[in-house]
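Commentary on secondary and tertiary structure
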Amino acid sequence: MQYPKPSAVLELLKPITWFPPMWAFGCGVVSSGVPLEGHWWLLVAGVILAGPLVCATSQAVNDWFDRHVDAINEPHRPIPSGRMPGRWGLYVAILWTAVSLLWSMMLGPWVVYAAIVGLALAWAYSAPPFRLKLNGWWGNAAVGACYEGLPWLTGAAVMLMQQPDWRIFALAGLYSFGAHGIMTLNDFKSIKGDTKIGIASLPVQLGADNAALIACVFMAAPQVIVIALLLQWGQPLHALAVAGLLAVQALMMVRFLKDPIKRDVWYSGFGVPVYVSGMMVSAFALRYAPDLAAAVTP
């Protein structure tokens, strides 16, 4: 039997994709209000779960079920290139799923629930019969939840060892909704290929201009609600900071909308970091909300 080289396995798991869920996990840790002192091992274990385990699993699953398409569009990838021989791509996906579940069990029941949902969405996104990625509405929602909402909730649950406060659910849900727009940005570069192989991304379904507008609305609208919530929770300075970050994004959006196909990579590179900065600002706002300690103390 042929075995893949460790370098091929690492490439299959795509470490470069681990940052978004790890960042969202960090937002959850901050928003929990629990001091890090004495809890560092929980932070490290949770970051490993969010990035090198659950996110990496989703990458392996996606590459296995996209191997025939990748053989045409990206033949250099580990599976179509033969560096991941036989069915080893599938074996790695299954193994990482199992390891992720086992790892989550040492972090408490709420983390296990989040891991189960995240892994289920990862498989449903790529694998038949669901293969959510074939439709931009459903596929982008699944990825947004896996990359932002669920890691945020996991970070809070890891620290609290119980169900997070409802406000944590609210922020995680809103930024997860906004991540739907981020996922749409990634689809502009592959409009021709998606059209050819039958993937109904939003740029394919709606056209580039309409999809770009939808992406901007998906990203901006939740942040407006976040600003209102932060004001209601008695955090005007944090609300002002998020509003400032949204204003910067709005200026970038105007430029992006003028030529979305040409500027999607530009906006992803500069606009998305501003968006995720607002996530952390919001997390700190919740951490310092006057009544948070009483609401989330185990």
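Conventions we followed
- Residues numbered from 1 in each chain as written.
- Predicted model: local features only at pLDDT ≥ 70, side-chain atom pairs only at ≥ 80, totals over all residues.
- Heavy atoms only, no water.
- Helix = DSSP H or I, 4+ residues; strand = E, 2+ residues; numbered from the N terminus.
- Contact = heavy atoms within 4.5 Å.
- 1 Å grid on protein atoms, 1.4 Å probe; cavity = no way out; pocket = protein on both sides within 12 Å on 5 of 7 lines; lining within 4 Å.
- Points joined across faces, edges and corners; volume = space filled by probe spheres on them.
- Nonpolar A, V, L, I, M, F, W, Y, C, P; charged D, E, K, R; others polar.
- Domains from an automatic or database assignment.
- UniProt positions renumbered as here; feature names shortened; annotations may be inferred.
- Buried < 20%, exposed > 50% of the residue type's maximum accessible area, 1.4 Å probe, protein only.
- Lys, Arg positive; Asp, Glu negative; His and termini not counted.
- Salt bridge = Lys/Arg side-chain N within 4 Å of Asp/Glu carboxyl O.
- Disulfide = S-S within 2.5 Å.

1. Quick notes on the environment of L101
Along the chain, L101 falls in helix 6 (residues 88–104). As a C-alpha pair, L101 and L53 span 48 residues in sequence and 9.1 Å in three-dimensional space. Excluding its chain neighbours within four sequence positions, the residues that come into contact with L101 are I116 and L119.

2. Structural notes on the layout of surface pockets
Considering only enclosed or pocket space, the largest pocket measures out at about 1600 Å³ in volume. Going through the elements one at a time, helix 2 (19–32), helix 3 (40–65), helix 4 (67–73), helix 7 (109–126), helix 8 (136–160), helix 9 (166–185), helix 10 (191–197) and helix 14 (260–287) are the ones with two or more residues in the lining of the largest pocket. Partitioned by chemical class, the residues of the lining of the largest pocket number 21 nonpolar, 16 polar and eleven charged. Counting only domains with at least three residues in the lining of the largest pocket, you end up with domain 1 (1–164) and domain 2 (166–297).

3. Regarding the UniProt feature "transmembrane region" (unreviewed entry) in the protein
The sites that carry the UniProt feature "transmembrane region" (unreviewed entry) are, in the present numbering, residues 12–34, 40–65, 110–126, 138–160, 166–185, 206–231, 237–257 and 269–289. Structurally, residues 12–34 is divided into 70% helix and 0% strand, and its ends, taken at the C-alpha atoms, are 35 Å apart. Between the end C-alpha atoms of residues 269–289 the distance is 32 Å, and the span holds 90% helix and 0% strand.

4. Re the side chain of D187
Here D187 lies in the loop between helix 9 and helix 10. Of the side chains bearing the opposite charge, K189 lies closest to the buried D187, which forms no salt bridge; the N-O distance is 6.3 Å. Once residues within four sequence positions are removed from consideration, D187 is found in contact with N140, D194, S201 and P203.

5. Considerations on the state of the cysteines
One pass over the structure, following the stated rule, counts zero disulfides. With no disulfide partner, C27 has as its closest neighbouring cysteine sulfur the one in C55, 15 Å distant. Taking relative accessible area as the criterion, C27 reaches 0% and is therefore assigned buried. The closest cysteine sulfur to the non-disulfide-bonded C55 is located on C146, 8.8 Å from its own sulfur. Here C55 falls in the buried class, since its relative accessible area comes to 4%.

6. Concerning unusual backbone geometry
The general pattern is negative phi for most residues beyond glycine and trans for most peptide bonds. In the segment running from P128 into P129, the intervening peptide bond is cis, with an omega of 10°. Checked against the element boundaries, P129 lands in the loop between helix 7 and helix 8. Unusually for a residue other than glycine, R131 sits at a positive phi of about 40°. Residue placement: R131 occurs in the loop between helix 7 and helix 8. Using a relative accessible area of 17% as the deciding quantity, one classes R131 as buried. Positive phi, normally seen in glycine, also occurs at M161, with a value near 60°. Mapping M161 onto the fold places it in the loop between helix 8 and helix 9. Since its relative accessible area comes to 43%, M161 is described here as partly exposed.

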